[in-house]
Amino acid sequence: MGAGWRRFTEQAKQKWHVGGERDFVATPNTRNEMMLQEAGEFAGHLKKIEKDIRGLKNATEGILLSTKAVLSAPLPRVYEETQGGKVVPLNASSAGQGAVVLPIGGTDFNAEELAKISKETSKKLESEVLAPMERWMNAYALVQNRMNKLESLRLEVDSRRRTVAKLGKKVDMQRARLPQTRAKGEYEMENTIKVLQHKESKLSACRQSFKEHEALVYHQLTNLIRDTVWLKSYLSAVLRVQTEAFQAANAALGQMRAAALPAPSDMTGVPAGVGVGASIPSTPEALTAGRDATPPHLQANSHDMARKLQHKQAAGGLVGGSVAVSASALGSKDSLYTIQDAPAMPQHRIPAAPAQGYDRYGEQAYGRSGVQAAWA
């Protein structure tokens with residue numbers, strides 16, 4: 001009987017109880033089976049966390065390299081129109097050269113440091129965390145293969161045990177019938193005993209191989225399970241490496257201050273020191289100050305507007321409807337808007353548009369004469 005067929009038939013007998021030998025006790029391998037089962041559950045957790053760590057590594061590389069690319073890009077510039085009708089960036093030299101292009105990250109931003117940090121972080125995660133995890137998974141796969149071989153040996157041992165047991169019963173029956181069979185029966189019994197001795201020697205060798213292999217698998221599983229306690233240290237190393245990487249990347253960004261952009265030279269009608277950003281509060285205190293955040297040159301207008309709104313409310317409301325927003329609400333302490341954000345009151349009555357035919361695309365008013373009339 002071949003070894004493969006012997007193992008297959010023995011597996012069927014143990015699994016489906018084929019053969020009628022219900023009193024047969026299979027060779028135990030329980031401790032290795034239980035250890036391998038729990039190691040397999042740990043391997044499932046390890047695969048999941050390894051996948052997340054690789055995702056974190058790729059995401060870190062992505063955010064650092066994207067930050068490098070974004071902060072190395074130039075800031076948008078302010079352009080103005082010269083007397084000759086040419087549009088040039090502010091602070092352009094008279095020789096025709098453009099203004100100095102500032103990067104978004106500023107002059108103290110270290111772009112090469114971010115690339116270096118990204119490369120070193122990936123290298124540390126691979127060497128300190130992912131490589132040991134991969135070695136553990138390779139050792140677990142090796143134990144799985146040896147466990148399959150051990151199971152084959154166990155089935156072969158049990159199959160040979162059945163063979164030896166049958167031959168032993170056959171020898172006993174032949175010995176019991178010797179008074180009737182005499183010389184022929186004695187000859188047959190001697191041949192059976194020789195076969196039995198041969199099978200017993202094979203069973204002994206197979207059983208010894210099974211014991212040695214079972215001890216080897218048990219030793220490897222023991223070491224494999226003892227190494228599982230280091231997973232916590234690996235996760236701590238991930239957090240440490242990531243923390244160091246982001247701290248170093250933050251330092252490479254430089255000082256956190258807004259770039260000083262040039263102001264347009266033509267600011268006719270705007271008081272000195274008042275630009276686009278003058279009405280934007282620069283601190284949280286200015287945001288919550290409400291009425292106090294109003295620029296000084298607009299405070300007189302705001303007080304005058306507030307008195308007009310209160311006077312209209314006392315008289316019964318504005319023409320065409322009631323006041324939707326009161327002066328106190330616009331200038332309250334909890335409001336983010338001040339009185340100057342209210343729309344200005346129209347000084348002249350807006351005449352109704354003249355009646356004309358339906359013009360879906362506005363073609364009647366399109367043309368140079370229509371544009372000049374609109375701006376007259």
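What counts as what
Residues numbered from 1 in each chain as written. Predicted model: local features only at pLDDT ≥ 70, side-chain atom pairs only at ≥ 80, totals over all residues. Heavy atoms only, no water. Salt bridge = Lys/Arg side-chain N within 4 Å of Asp/Glu carboxyl O. Helix = DSSP H or I, 4+ residues; strand = E, 2+ residues; numbered from the N terminus. Buried < 20%, exposed > 50% of the residue type's maximum accessible area, 1.4 Å probe, protein only. Axes fitted to C-alpha atoms, helices over the stretch in contact; angles between N-to-C directions. Parallel < 35°, antiparallel > 145°, perpendicular 65-115°, else oblique. Contact = heavy atoms within 4.5 Å. Nonpolar A, V, L, I, M, F, W, Y, C, P; charged D, E, K, R; others polar. Core = buried A, V, L, I, M, F, W, Y, C linked by side-chain atoms within 4.5 Å.

J.: Just to check I follow, could you spell out the pattern of salt bridges for this structure?
T.: Two side chains carrying opposite charge are able to pair once their charged atoms lie near each other. For the coordinates displayed, the defined rule picks out 16 salt bridges. Its salt-bridge partner being Arg54, residue Glu126 comes within 3.2 Å of it at the nearest N-O pair. With Glu126 in helix 3 (residues 111-176) and Arg54 in helix 2 (residues 30-72), this pair connects stretches of sequence that are 72 residues apart. With a relative accessible area of 30%, Glu126 lands in the partly exposed category.

J.: Looking at this structure, I do not really get the packing of helix 2 against helix 5 (residues 231-252). What am I missing?
T.: A pair of packed helices can be characterised by two numbers: the angle between their axes and the separation between those axes. Their axes nearest at 12 Å, the elements helix 2 and helix 5 cross at an angle of 5°. With respect to helix 5, the element helix 2 is oriented roughly parallel. Touching Phe42, Leu46, Ile49, Ile53, Leu56, Thr60, Ile63 and Leu64 of helix 2 are Leu231, Leu235, Val238, Gln242, Phe246 and Ala249, all from helix 5. Each residue belonging to the contact of helix 2 with helix 5 can be placed in one class, and the counts come to 12 nonpolar, 2 polar and no charged.

J.: Sorry if this is basic, but what is going on with the nonpolar core here?
T.: Across soluble globular proteins, nonpolar side chains show a tendency to be buried alongside one another. Leu46, Trp136 and Tyr140 are the most contacted members of the largest nonpolar core, which totals 34 residues. For this core, the elements supplying multiple residues, two or more each, are helix 2, helix 3, helix 4 (178-226) and helix 5. Element by element, the count of residues in this core is highest for helix 3, at 15 residues. Setting aside residues up to four positions removed in sequence, Trp136 forms contacts with Ala39, Phe42, Ala43, Leu46, Leu224, Asp227 and Thr228. Counting residues in hydrophobic clusters, the runner-up holds 9 residues, among them Phe109, Ala111, Leu114 and Ala252.

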